[in-house]
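Single-letter residue listing:
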Amino acid sequence: MATTGNLSEEQVHCSICLDVFTNPVSIPCGHNFCQSCILGYWKSSPLYQCPMCKKSFYKRPDISVNTVLREIAEQFKEMKTSPPLAHQATAQEPPPPLPQTSPPPSPQISASQLPQTLPSPPFSSLPSPSWEEVMCDVCLGEGRPKAVKSCLVCLTSYCEEHLKCHSARFTKHKLMEPVANMEDRMCPKHERLLELFCKKDQMCVCVLCTETDHRAHYTVPVEREWTEKKAQLKRTGIDVQQMIQDRVKKVEEIKHSVELNKASAQREIEESMQVFSELVRSIQKTQAELVLVIEEKQRQTERWAQGLIAELQQEITELKRRNTELETVAQTDHIHFLKSFPALSTPPSVKDWSETSVPTDTCVGMVRRSVSKLEATLTEMIDKLSDSEIKKVLKYTVDVTLDPDTANPWLQLSQDRHQVRHLGAWQDLPDHPDRFDTVVIVLAHEGFTSGRHYWEVQVGEKDDWYLGVARSSVNRKGRISVSTTQGYWALAMKKGQGYRVSTSPPSLLSLDPKPKRVGVYVDYEEGQVSFYDVRARTHIYTFEDTFTEKILPFFYLYCCDKASDTIVICPVNEKHLIKQS
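Residues numbered from 1 in each chain as written. Predicted model: local features only at pLDDT ≥ 70, side-chain atom pairs only at ≥ 80, totals over all residues. Heavy atoms only, no water.

Q: What's the story with the environment of W455 in this structure? I'm lost.
A: Mapped onto the elements, W455 comes out in strand β15 (residues 452–458). A relative accessible area of 2% means that W455 is categorised as buried. The spatial distance from the C-alpha of W455 to the C-alpha of P571 is 7.8 Å, given a sequence separation of 116 residues. Non-local contacts of W455, meaning those with residues more than four positions away in its chain, are made with V398, V400, F448, G468, V469, V518, G519, V520, V522, P553 and F555. (Helix = DSSP H or I, 4+ residues; strand = E, 2+ residues; numbered from the N terminus. Buried < 20%, exposed > 50% of the residue type's maximum accessible area, 1.4 Å probe, protein only. Contact = heavy atoms within 4.5 Å.)

Q: I would appreciate a short explanation of the pattern of salt bridges in the present structure.
A: Side-chain pairs of opposite charge can arise where the charged atoms are in close proximity. Here the structure, examined in full by the defined rule, presents 21 salt bridges. The partner of K189 in a salt bridge is D213, and the shortest N-O contact between them spans 3.0 Å. You can see K189 sitting in the loop between β8 (175–176) and β9 (196–198) and its partner D213 sitting in the loop between β10 (203–205) and β11 (219–221), a full 24 residues away along the chain. Relative accessible area serves as the criterion here: at 52%, K189 is assigned to the exposed category. The partner of R476 in a salt bridge is D434, with the nearest N and O atoms 4.0 Å apart. Of this pair, R476 sits in the loop between β16 (465–471) and β17 (488–494) while D434 is found in the loop between β13 (419–422) and β14 (441–443), placing the two residues 42 residues apart along the sequence. (Salt bridge = Lys/Arg side-chain N within 4 Å of Asp/Glu carboxyl O.)

Q: What am I meant to see in the packing of aromatic side chains here?
A: The geometry of an aromatic ring pair is captured by two quantities: the separation of the ring centres and the angle between the planes. In the structure shown here, the tally under the stated rule is eleven aromatic pairs. Seen from their ring centres, W42 and Y48 are 5.9 Å apart, and the 80° between their planes marks the pair as edge-to-face. Assessed through its relative accessible area of 31%, Y48 is described here as partly exposed. Geometrically, the ring pair formed by Y396 and Y521 is tilted, given 6.2 Å between the ring centres and 45° between the ring planes. Remark: Y521 occurs in strand β20 (residues 517–523) and Y396 occurs in the loop between α6 (366–393) and β12 (411–413); sequence separation between them is 125 residues. Since its relative accessible area comes to 25%, Y396 is described here as partly exposed. (Phe/Tyr/Trp six-rings, centres within 6.5 Å; stacked < 30°, edge-to-face > 60°.)

What follows is the structure in structure tokens.
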């Protein structure tokens, strides 16, 4: 490369026409251009702006001929063996006085214009947005051609023709796909290329920024940061792809569940039709039998009444005959009358009919007795359905453990958090905000905001307890009323009062035999809480409500110091649910 003194060839080239200066002039910001080039540039630009530093002027600035630079340029022209390509154009050259004889020792800048919070990929990999056409910055006029490359050093976009000229002279400049607003790659404060990334402030900075606002901050080349962020982005992409796959799998799972639900619903319909058909047949059979019995009763009554009528008719005939005899004797002479009188004076021997009657109601109570038989049949069917229902909820079995942070100080929990009993003594426990301080209640650690859940509780012979589910927001301090209005859905056994459920007011239940093992089933979406006697395989009671927040299993124990009265959350064993043949 030709040099004069310490000057390089690039320093005597106009950054607009990329040729040796012709009549060079200086503008107020200190940059030099050919006089015709800078005047032509300002004519084609809406602003009076320096092509290199982009400094704007409110009016066209004064220009002065740079005689020293003109003489140096003339010397270069004499040294050149062939005339340079001349282009009447506008372009941007790296701002002097930095020499362009070699690139800086730091890594090549490939991601200088990045967001202030997260670096973007190198500029060479950033295509121009499809909706924005980047024009050549060198060509003048309205019909400027599209740019094919942008230079990160010159901060200028070139068409194919000007790119050849640029590349021939500046072989070490970094090119990229054309982008608009190249000046945005410059530090707005120091007008230097953004080539570093501040780790502390998460923003792109220039070299001079590391000596001022970002002094002593940890900075790295933007390319290295881009590499790290790209790797992070790749990992994020992998995670996103996995999330997509998980959700696609979940979609398929939901679709499969819908199909299974559809098949289950069809089976339920068929079973319900079978059950109700059987019930209807049983009703029809009982009704037919009742009709036959009633008709037979009516026929028996009719035959009996006919016999009575026949007997009465016979007596009427006999009495009429006697009446005729009496009338005949009454008309005879005295001697004949007196002789016949002893035989006729005694009333004929007939039956006393005063207490005889035929009932007008065929069969009192017969319908009730027949319906009672249906009630027994219906109860048997309900028991069968309850048994089947309990078996179905087994698939929703969950492991419920007690939360020690909620346990009243009178309660003692087992180490595995599956048992609780009334200790009979106050324990000095931390005053946790979730702890029940007055009522002897403990909540489960697990809560539910959706889905179906089932667990079993062994209550044994204990005769003072509540169990069920409660809203997570229930009051934990002071006296508490266990009812649905207060956020409790519970089955209770109160000594001397029997079984009840926490409706408002409480509803009493008649349970025989007493349940020793209670199953609890929750369907959050349906707002359903059901209780079952596991050993008897019967349904006890079902709440139907609406849940709007998290609900948790809860247990309420009254004072008792016998270890045998411990309430236990039992592992579900399907064997005890299977009927023995």
